[in-house]
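# Results of the structural survey
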Amino acid sequence: MARGSSQRDGHPPSSSSATDVALATDVARATLEGRDTSISRSGGEVAALTVLYHPRLERIGDRAVLSRLVEDGEVLLSREAPDFAPPGGAPGAPLGDEHLSRRPLRLSPGPGGGLRLDLGDSSTTVSLQGERLSGARSFSAAELQQGVVLELGRRVVLLLHLVASLQRVLGPSTGADAGEPREITGESDGVRRMLWEIRSVADLELPVLLRGETGSGKELVARALHRSSRRRDRPFVAVNLGAISPSLAVAELFGAERGAFTGSVKRQPGYFEQARGGTLFLDEIGEAPVELQVALLRALETGEVQPVGAQEIRKADVRVVAATDADLEAKVSSGAFRAPLLNRLSAYEIWIPPLRERRDDFGRLFARFLREELAEVGEEQRLAPPAGGGRAWLPASVVARLAAYDWPGNVRQLRNVVRQLVVGNRGRDRAEVTPAVERLLSRAAAPLSPPPSPAGAGAPPPPPAAAGAPVLLGAPPPHAAAPPVEAPAEPSPPPLLEERPATAAARSGRRRPADVTEQELGDALRASRFDLAAAAERLGVSRASMYLLIERHPRFRTAGDLTPEEIARSHGECGGDVARMAERLEVSERALLRRVRELGLG
């Protein structure tokens, strides 16, 4: 988590001036004392600037809340103003990079709750989606809600976005109360709300259902729940139900006595027994076979389990946390999931926001993964601030492009991309975008919407903000503060090169990955000798979609999923014959050969 992010007792984030910090502190104190906290700036959402990238990485995640827009009608942005500070921290400091001009850019309220950015006579270059801006540019409330990524002076990347106002951000904490929050990196409104919910429900014995897109961090949330609970000193057992054979699922979860079925030569403790006294995390609960659903419902209702082949019933002292990215309500309607089980599992639900809805956390996550991946290859020195105002190892333009991407695979996909950048630039004095990342970003690129015509040019007025769009200043937004607790209709794809399935399918006329069955996938992979391009051609999907399908059906994998130990063992057993290894491991021979060479085995 970003430095200085510990936040206790509801202290609000620092804003762009000492006056705002004092005001926020007064409001927090009033809230704790039960007094009225209604202030003119506390409704709706307000604009903010968050640092997504800076030559000094410790500045990433710092934020300036632009509350002065209400009082002064504008905010000046330059090398020397405003002050940026970690959310919840003490008053901070300006950006301070010498490549930014002292002559300010000006931010002022725009039409329909938007903002106007005026470059004026500042010599600071400002780029949006790789295009250098000039003059002035207006941003609608909808654009601010999504987040506008601005690159300044080819050195600093900022996100212009909306945050909950002072009154609404009081309470949620990312401090120690949230159960090892260092594993959950983020200071966005959505993450703070989620951590507040974790703290609220952790010490209760209620089952919890975690809902969110693939790659959004559901297991991290489950672990945070466990570590904040009274069961923290007992086992945490994670089970992916999508990876368990349906015929063995009941025995895997509840155990089996010796001789209960063919091949059962000794007593097998189930996951319920292994998690006794602790937490059992059931990931991919939507993939549970019907037989298991019946047994699981009984266990939740009675607190008892019966191992396969056992006569006696045993007590199950376990707190169950389940997770899914599936639409369980649709599965109930189709008969694939039992409604009573859904009701039992969802005694309390927590929605995990996707990365595109917490874009201000991008920089914090990116910096964390960058540090970890560079340490892995022994090149931590790349992150040292450049001497004498020199160029940083990672160009700001690369970070700006990544920050503007929608990340359908969420945090997991971001980590994969960071690893791709680090490994692909080992030993280089300056990082470049690797071909794989370039394909990802090029596919996602969209043309800039034309800036509004100058006043008096006879152009029609800008369209009103869409229904439900937040109001920048003043009244609260018409939508609820927390997102609805519902799963996405289609799980978002996790792999590095995948774009949203619906978009890709509509453009290419190919099949949607969701329409490909596990049996079809297996037949195509085996017929193609696990060559992904050939299998994709057989199935009528894009090659990138194959990664989504493999992720969705864990019985299949790629050469990249193999551990070095597994490859080395197979190499020895097959006498170095890569073709035999590929057949045994059921992966692409060409991809496996590359892994073998990387490990120095061939």
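Cut-offs and rules
- In every chain, residue numbers begin from 1 and rise along the written sequence.
- Local features in this predicted model are restricted to residues whose pLDDT is 70 or higher, and side-chain atom pairs enter the listing and the counts only when it is 80 or higher, whereas totals over whole chains, interfaces and linings include all residues.
- Computation of side-chain values: all heavy atoms of the structure, hydrogens and water removed.
- Secondary structure counts use DSSP, requiring at least four H or I residues in a row for a helix and at least two E residues in a row for a strand, with both numbered from the N terminus.
- A simple rule labels every residue: compare its accessible area, found with a 1.4 Å probe on the protein chains alone, to the largest value its type can have, and call it buried under 20%, exposed over 50%, or partly exposed in between.
- Here, residues are in contact when the closest pair of their heavy atoms is within 4.5 Å.
- Areas reported as accessible are Shrake-Rupley estimates using a 1.4 Å probe. Residue values count occlusion only from the protein chains shown.
- Strand pairing is defined by DSSP finding a minimum of two bridges between the two strands.
- Axes, fitted as lines to C-alpha atoms, cover a helix only where it is in contact. Angles between the N-to-C directions of the axes lie from 0 to 180 degrees.
- Each nonpolar core is a collection of buried residues, namely Ala, Val, Leu, Ile, Met, Phe, Trp, Tyr and Cys, held together in the definition by side-chain atoms within 4.5 Å.
- For this document, the term salt bridge refers to a Lys or Arg side-chain nitrogen within 4 Å of an Asp or Glu carboxyl oxygen.

Scanning the chain from terminus to terminus reveals 22 helices and 17 strands. Across the 602 residues of the chain, 51% fall into the buried class. In the chain, of all internal contacts separated by at least 6 residues, the share reaching a separation of at least 24 is 68%. Carbon together with sulfur atoms contributes 49% to the accessible area of the chain, which is approximately 27,000 Å² in total.

Once that is clear, we can look at unusual backbone geometry. The step from alanine 81 to proline 82 runs through a cis peptide bond, and the omega angle for that step is -5°. Tracing the sequence through the fold places proline 82 in the loop between strand E3 (75-77) and strand E4 (105-109). Positive phi values are uncommon outside glycine, yet glutamine 129 reaches one of about 50°. With respect to the element layout, glutamine 129 can be found in the loop between strand E6 (126-128) and strand E7 (131-132). Positive phi, close to 55°, is recorded for arginine 154, a residue that is not glycine.

With that out of the way, let us pick up the sheet that holds E4. Read from one edge of the open sheet, four strands run E3-E4-E5-E8, paired in antiparallel fashion. Edge positions in the sheet fall to E3 and strand E8 (136-139), since each of these pairs with one other strand and no more. On average, each strand axis in the sheet is inclined to that of its neighbour by 20°, with strand direction left out of account. Strand direction decides the pairing type here: strand E5 (residues 115-118) and E8, joined by four bridges, are antiparallel. Across the sheet, the residue bridging to arginine 116 is serine 138, located in E8.

Turning to the nonpolar core, a few remarks are in order. Tyr53, Phe366, Leu370, Leu394, Leu402 and Leu414 are the most contacted members of the largest nonpolar core, which totals 38 residues. Mapped by element, the contributors of at least two residues to this core are strand E1 (45-53), strand E10 (156-164), helix H12 (362-376), helix H13 (396-403), helix H14 (410-424) and helix H15 (435-444). In terms of nonpolar packing, the next biggest core, distinct from the first, is built from 30 residues, Val237, Leu292, Leu297 and Leu300 among them.

Turning our eyes to something else, we now look at the pattern of salt bridges. Per the counting criterion, the structure on display carries 30 salt bridges. Note that glutamate 197 and arginine 193 form a salt bridge whose closest N and O atoms lie 2.7 Å from each other. Placement of the pair is glutamate 197 and arginine 193 together in helix H5 (residues 189-201), with a separation of four residues, close to one helical turn. Judged by its relative accessible area of 14%, glutamate 197 is buried. The class of arginine 193 is buried, set by a relative accessible area of 15%. Between glutamate 304 and lysine 315 there is a salt bridge, and its shortest N-O distance comes to 3.9 Å. Highlighted residues: glutamate 304 in strand E14 (residues 304-305) and lysine 315 in strand E15 (residues 314-315), separated in sequence by eleven residues. Under the relative-accessibility criterion, glutamate 304 is labelled partly exposed at 25%. Connected via shared salt-bridge partners are Arg368, Glu372, Glu373, Arg415 and Arg419.

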